[in-house]
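# Analysis of the macromolecular model
Here's the letter readout for the chains.
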Amino acid sequence: MLESLQQLAGGFGIATSVDNLFYCLIGAIVGTLIGVLPGIGPIAGIALLIPATFSLNPTSAIIMLAGIYYGAMYGGSTTSILLNVPGETASVITCIDGYRMAQKGRAGPALAICAIGSFIAGTIGIFGLVAFAPPLARAALAFGPAEYFSLMVFGFVVLSNVTGTSLLKSLMMALVGLIIGTIGLDPVKGDARFTFGSMSLLSGIEFVAVAIGLFGIGEVLANVEKPPALLEGSVRVPQLRELFPTRQDLRKSIKAILRGTGIGFGVGLVPGPAPVIATYSSYLIEKRISKHPEEFGQGAIEGVAGPESANNAACQSAFIPLFVLGIPFAPPTAILLGALLIHGVTPGPMMISEHPQLFWGVIASMYIGNFVLLLLNLPFVPLFANILRIPKRILLPLVILFCITGMYSVNNSVFDIWVMLLFGGIGFSAGKGKFEGAPLLLGLVLGPKMEVAFRQSLMISHGDFGIFTGRPISLAFLLATALFLVIPLFRLGFKRPRKGGSADRR
Amino acid sequence: MKGLTAILIVFIMALSVPANAADFPTKEVQIIIPWAAGGATDLIFRAMGVTAGKYLNKAVVVVNRPGGGGAVGYTDGMKAKPDGYMLTAAVTPLCILPHQTTTAFTYRDFEPILNVVSDPSMFLVRSDAPWKDLREFVDYAKKNPDMITVGNSGAGGGVHLVALAFENAAGIQLNHIPFSGGGPSVTALLGGHVNAVSVTPPEGVPQIKAGQLRVIALFANQRLAMFPDVPTVKEQGLNFTMGMWRGLAAPKGTPPDVIQKLHDSFKKAMDDPEFQAKAKEMSILLSYLGPKDFGALMARDDEFLGKLIKGMKK
């Protein structure tokens, strides 16, 4: 630990050279821009800029590319809050309360708390990375297909009712997500399923298309329906003083930020859809332990602060498997692995000893990058918050245009645009019946991974279901899931004579 | 400021609009990669594109069209105008996909330009695995059919087919477990959830260097420069070699002089020390083949893989 700190100090020396500070700044700026545009995510952004780093030395190159990665994570929440358009998996949850806050004229505090929460989470995450990287990476290896499946089941059941409205409706939407997730090539045998001979359906339904459709386009349609007078009066023009969080906001948020950081850091170590599980869990926990759960869904600042911090912490811990094991658990770190290979650095068990300068330089630059991003983002808050002053009759068509171009840029696919528009219609009609989009997206993300892990486990065990119950970690998740389902039944039995009912809170 | 200028250039390249063609090439040449950015094929052609641009005097732009295990990109590549401005990365799955599902394309819909890379394939095990060499591994598999679990990067993908073909050649039966890519399969091996994995470098290379994994079977024609102590399967008495190729192709009907011009420029890029250094750093094995030889290789593998997949489906 002491030795690590010494080397970290050396790393700061490398990261604070004028060149590297400059590349860190460029990465952070480009990343923020990429994050703000829906569609172009960190993956495309990094891939696009890899050739530009050929002339740089490896340390500078990785500092810049890593800057794009966490810069994009900072920027991703902006469109969610302002326009209800989630550009990536991680910012779906931010839409729920962030957009409500913006509608109440509190876009400024929502944006600012994202930047502050991300900064705190990033800072704590880096210390976690320095102190615990090797043991945590080894612990992550204990997750095989069986453990992974049980974790997914737990996540699916517990998190599907994330917004806490109606358990029945949430599970219905989650099942729809599961069904949509089966479209495309069968992940185990490679057979085409439900594609009806269409080449475009072979790769399945694109997550971003569904997310932008359900939330962004659906919200635009819902707005179009309102009488024009009501529409223009719905967003209050904020005063300058209201652009930043009040002391009360900060007090409410700080615990949410710390809890979100813990959740995100732990979940980020698990391969796969870490951002989704981290943000959904954080939201659910904040709502459960809140003294005023009725505020959630109406613009509760904790509902923005917690998930945003969880997402950033998950980004930090995603570097642990990459640096220690040489294995990328998430697509953005896979791109970074590619960039490292091009620069002649092979991440893996030998990286810290073979390239200490690069390793500690990049770690230190992450810290500096987080600071740069905070300084960069806070001044933008008033600017972004002013977007909402654009009259809706001009803003709404622009949002649609923005969504369509962003969507096309993801896979250069026109088909994805149609999928997005279709889900816009579905999101609009589902909203009428108080059906939520978040559980559907959860089902869509977890479903295919759950299926793969389930079939892998049974292939390994030659069809014996005992593989799920015979392994301690897997068993623990299954028992936790069972408890979660059974306990409310008992409670319901005891508390029968009560008005309403708690399972269907509306 | 060199970096900043380069960034601007790349942005402008990505946004630029094609113009009319008169004398080849008058605008940038695009290469379709049928997979997402960041994979081996993507990285190789991104690195090569930068160098090839020097010789073509026009930028080479990589376009990712992922989906359907490569089917979406190949369909687009086949449908592109045969004018030499829209090329496609021709990788082994081009000869695999048409045998698995109904696709609009086969390798015959493309004109071969050149082969760039030949990946040797190999089986890895954990260093503490009970088998010391290939003989022990095969003997154990013969006594315990279907018990050794072998991870691969996806059902019907290249390294899965390698494992199937090796099964036939060695007369053994393995339990194949598909993962969503080479990374996850290596992770599962490190965690002890499978007994072996089928991979191509650079997957698993850092773990071998760190002594956590070792090569139990190398299906290449010759030993690898990075692991000179590891014998090939052939040396150990089993006549079996198999690898993956990554080259470039144009849509059918592209004029021969355009193909020649493209071939010459990309060949020069392959020989360029700048690209050679990048290839070495990525530990990829360059293996040049001209249009004719590359076409013959595709035809041969198409037949071989077709038979293999038919056997798998039974």
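Cut-offs and rules
- The residue count restarts for each chain, going from 1 along the sequence in the order it is written.
- For this description, chains carry letters from A and ligands carry numbers from 1, given in the order in which they are written.
- For a predicted model such as this one, the threshold for reporting local features is a pLDDT of at least 70, and the threshold for listing and counting side-chain atom pairs is 80 or more; totals across whole chains, interfaces and linings nevertheless cover every residue.
- In this text, helices come from DSSP runs of H or I with a minimum length of four residues, and strands from runs of E with a minimum of two, each type numbered from the N-terminal end.
- Computation of the radius of gyration draws on C-alpha atoms, with the globule rule given as 2.2 Å multiplied by the number of residues to the power 0.38.
- Field definition: a residue is buried when 20 or more other C-beta atoms are found within 10 Å of its C-beta, exposed when 12 or fewer are, and partly exposed for counts in between, with C-beta atoms placed from the backbone.
- Each residue gets a C-beta atom placed from its backbone, and two residues are in contact if those atoms lie within 7 Å.
- Each nonpolar core comprises buried Ala, Val, Leu, Ile, Met, Phe, Trp, Tyr and Cys residues, the members being joined through C-beta atoms within 7 Å.
- Domain boundaries shown here were taken from an automatic or database domain assignment.
- Residue polarity is assigned by list, with Asp, Glu, Lys and Arg as charged and Ala, Val, Leu, Ile, Met, Phe, Trp, Tyr, Cys and Pro as nonpolar; anything else, Gly included, falls into the polar class.
- Strands pair, by our definition, only if DSSP identifies at least two bridges between them.
- We call a crossover right-handed when, viewed with both strands directed away from the observer, the connection leading from the first strand over the helix to the second proceeds clockwise.
- Here the axes come from fitting lines to C-alpha atoms, over the contacting stretch only for helices, and the angles between their N-to-C directions go from 0 to 180 degrees.
- What pLDDT expresses is the predictor's confidence in each residue, scored from 0 to 100.
- An angle counts as roughly parallel when it lies under 35 degrees, as roughly antiparallel when it exceeds 145, as roughly perpendicular when it falls between 65 and 115, and as oblique in every other case.
- In this scheme, a crossing is called left-handed if the near helix is turned counterclockwise away from the far one by less than a right angle; it is called right-handed if the turn is clockwise.
- By definition here, a helix of n residues has an expected span of 1.5 Å times n minus one.
- The angle separating two fitted axes, one through the seven residues that finish at a residue and one through the seven that start at it, defines the bend at that residue.

## A few points about the overall build of chain A
Secondary structure assignment for chain A yields 22 helices and two strands. The C-alpha radius of gyration computed for chain A amounts to 22 Å, which stays within 12% of the reference 23 Å derived for 506 residues, consistent with globular compactness. Taken along the three principal axes of its C-alpha coordinates, chain A extends 65 × 65 × 50 Å. When burial is assessed residue by residue, chain A has 58% of its 506 residues classed as buried. In chain A, 80% of the contacts between residues at least 6 apart in sequence involve partners at least 24 apart.

## Re the overall build of chain B
Counting its secondary structure elements, chain B contains 11 helices and 11 strands. For 314 residues, the compact-globule formula gives about 20 Å, and the C-alpha radius of gyration of chain B, at 20 Å, lands near that figure. Along the three orthogonal principal directions, the C-alpha set of chain B runs to about 65 × 45 × 30 Å. Pairs at least 24 apart in sequence give 74% of the contacts found in chain B among residues at least 6 apart.

## Brief notes about the nonpolar core
Within the largest apolar cluster, 255 residues are counted, with the highest numbers of intra-cluster contacts made by Ile46 and Leu65 of chain A together with Leu124 of chain B. Of the domains in this structure, domain 1 (13-119 + 243-313) and domain 2 (122-218) of chain B are the two that each give at least three residues to this core.

## Considerations on the domain arrangement of chain B
All names here are of chain B. Along its sequence, chain B is organised into domain 1 (13-119 + 243-313) and domain 2 (122-218). Top element by residues in the side of domain 1 that touches domain 2 is helix H11 (residues 291-313). It accounts for three residues. For the side of domain 1 that touches domain 2, the residue count by class is seven nonpolar, three polar and one charged.

## Observations concerning the interface of chain A and chain B
Between chain A and chain B, the contact holds 51 residues from the first and 50 residues from the second. Those elements that place two or more of their residues in the side of chain A that touches chain B are helix H2 (18-36), helix H3 (42-49), helix H15 (331-342) and helix H20 (437-460) of chain A. Along the lines of polarity and charge, the residues of the side of chain A that touches chain B split into 36 nonpolar, 14 polar and one charged.

## Focus on the pairing of strand E7 (residues 175-178) of chain B
All names here are of chain B. Bridging between strand E6 (residues 149-152) and E7 involves four bridges; their strand directions are parallel. Each bridged residue has a counterpart across the sheet, and for Thr149 the counterpart in E7 is Asn175. In this region the chain leaves E6, passes through helix H6 (residues 158-170) and returns to the parallel neighbour E7; the handedness of that crossover is right-handed.

## Looking at unusual backbone geometry
All names here are of chain A. Even without being glycine, Asn84 reaches a positive phi, approximately 65°. As for its placement among the helices and strands, Asn84 is situated in the loop between helix H4 (58-83) and helix H5 (92-103). The class for Asn84 is buried, based on 27 C-beta atoms found within 10 Å.

## Here we look at the sheet that holds strand E5 (residues 122-126) of chain B
Residue and element names in this part refer to chain B. An order of E7-E6-E8-E5-E9 is seen for the five strands of this open sheet, with the pairing classed as mixed. The sheet terminates laterally at E7 and strand E9 (213-218), the two strands that pair on one side only. Direction aside, neighbouring strands of the sheet carry axes that sit 30° apart on average. Sheet analysis places E5 next to E9, joined by five bridges and oriented antiparallel. Within E9, the position partnered with Arg126 by the bridge is Leu213.

## Focus on the confidence of the model for chain B
All names here are of chain B. In this model, chain B carries a mean pLDDT of 87, and residues with pLDDT of at least 70 account for 91%. Averaged pLDDT values over the elements of chain B bottom out at 53 in helix H1 (residues 2-15) and peak at 96 in E5. Across residues 14-22 the pLDDT falls below 50, and counting only partners more than four positions away or on other chains, this stretch makes 10 contacts in the model. Both scores are given for the predicted complex: the pTM is 0.80, the ipTM 0.76.

## Here we look at the sheet that holds strand E2 (residues 60-64) of chain B
Residue and element names in this part refer to chain B. The sheet built from six strands is open, its strands ordered E2-E1-E3-E10-E4-E11 with mixed pairing. Of all the strands in the sheet, just E2 and strand E11 (286-289) have a single pairing partner and so form its edges. Averaged over all adjacent pairs, the angle separating strand axes in this sheet is 25°, with direction ignored. In the sheet, strand E4 (residues 110-120) pairs with E11 via two bridges, with the strands oriented antiparallel. Note on E11: the bridge partner recorded for Asn115 is Leu289.

## Re the packing of H4 of chain A against H5 of chain A
All names here are of chain A. Put simply, H4 and H5 touch, their axes get as near as 6 Å, and they point 55° apart. One finds that H4 runs oblique with respect to H5. Our pair here, H4 against H5, has a crossing hand that is right-handed. From H4, Ser77, Ser80, Ile81 and Leu82 reach across to H5, where they touch Thr94, Cys95, Gly98, Tyr99 and Ala102.

## A short note on the environment of Ala299 of chain B
Take Ala299 of chain B: it is sitting in helix H11. When the C-alpha positions of Ala299 of chain B and Tyr107 of chain B are compared, they lie 7.8 Å apart, and in sequence the two are 192 residues distant.

## Points about H20 of chain A
Residues and elements named next belong to chain A. The end-to-end C-alpha separation of H20 is 35 Å, in line with the 34 Å expected for 24 residues at 1.5 Å each. Taken as a whole, H20 carries its principal kink of about 30° at Leu446; the proline Pro448 stands between one and four residues after it. Among the 24 residues of H20, 19 are classified as buried, and the element is accordingly described as predominantly covered. Following H20 by one or two positions, His462 has its phi on the positive side, about 55°.

## A word on the environment of Arg214 of chain B
All names here are of chain B. For Arg214, the position within the fold is in strand E9. Its 18 C-beta neighbours within 10 Å are what place Arg214 among the partly exposed residues. For the pair Arg214 and Ala47, spaced 167 residues apart in sequence, the C-alpha separation works out to 29 Å. Ignoring any residue separated from it by four or fewer positions in sequence, one finds Arg214 in contact with Leu124, Val125, Ser127 and Ile208.

## Side note on the confidence of the model for chain A
For chain A, the average pLDDT comes to 83, and 93% of its residues sit at 70 or higher. Per-residue pLDDT stays below 50 along residues 497-506 of chain A; that stretch engages in eight contacts with residues further than four places along the chain or on separate chains.

## Focus: the environment of Leu159 of chain A
All names here are of chain A. When you line up the elements, Leu159 lands in helix H7 (residues 145-159). Here the alpha-carbon distance between Leu159 and Ile277, two residues 118 residues apart in the chain, equals 7.9 Å. Beyond its immediate sequence surroundings of up to four residues, Leu159 is in contact with Tyr280, Ser281, Leu284 and Leu442.

## Here we look at helix H17 (residues 356-386) of chain A
Between its first and last C-alpha, H17 of chain A extends 45 Å over 31 residues, near the 45 Å set by a 1.5 Å rise per residue. By the largest-angle criterion, Phe380 of chain A marks the main kink of H17 of chain A, which is about 40°, and a proline, Pro382 of chain A, follows within four residues.

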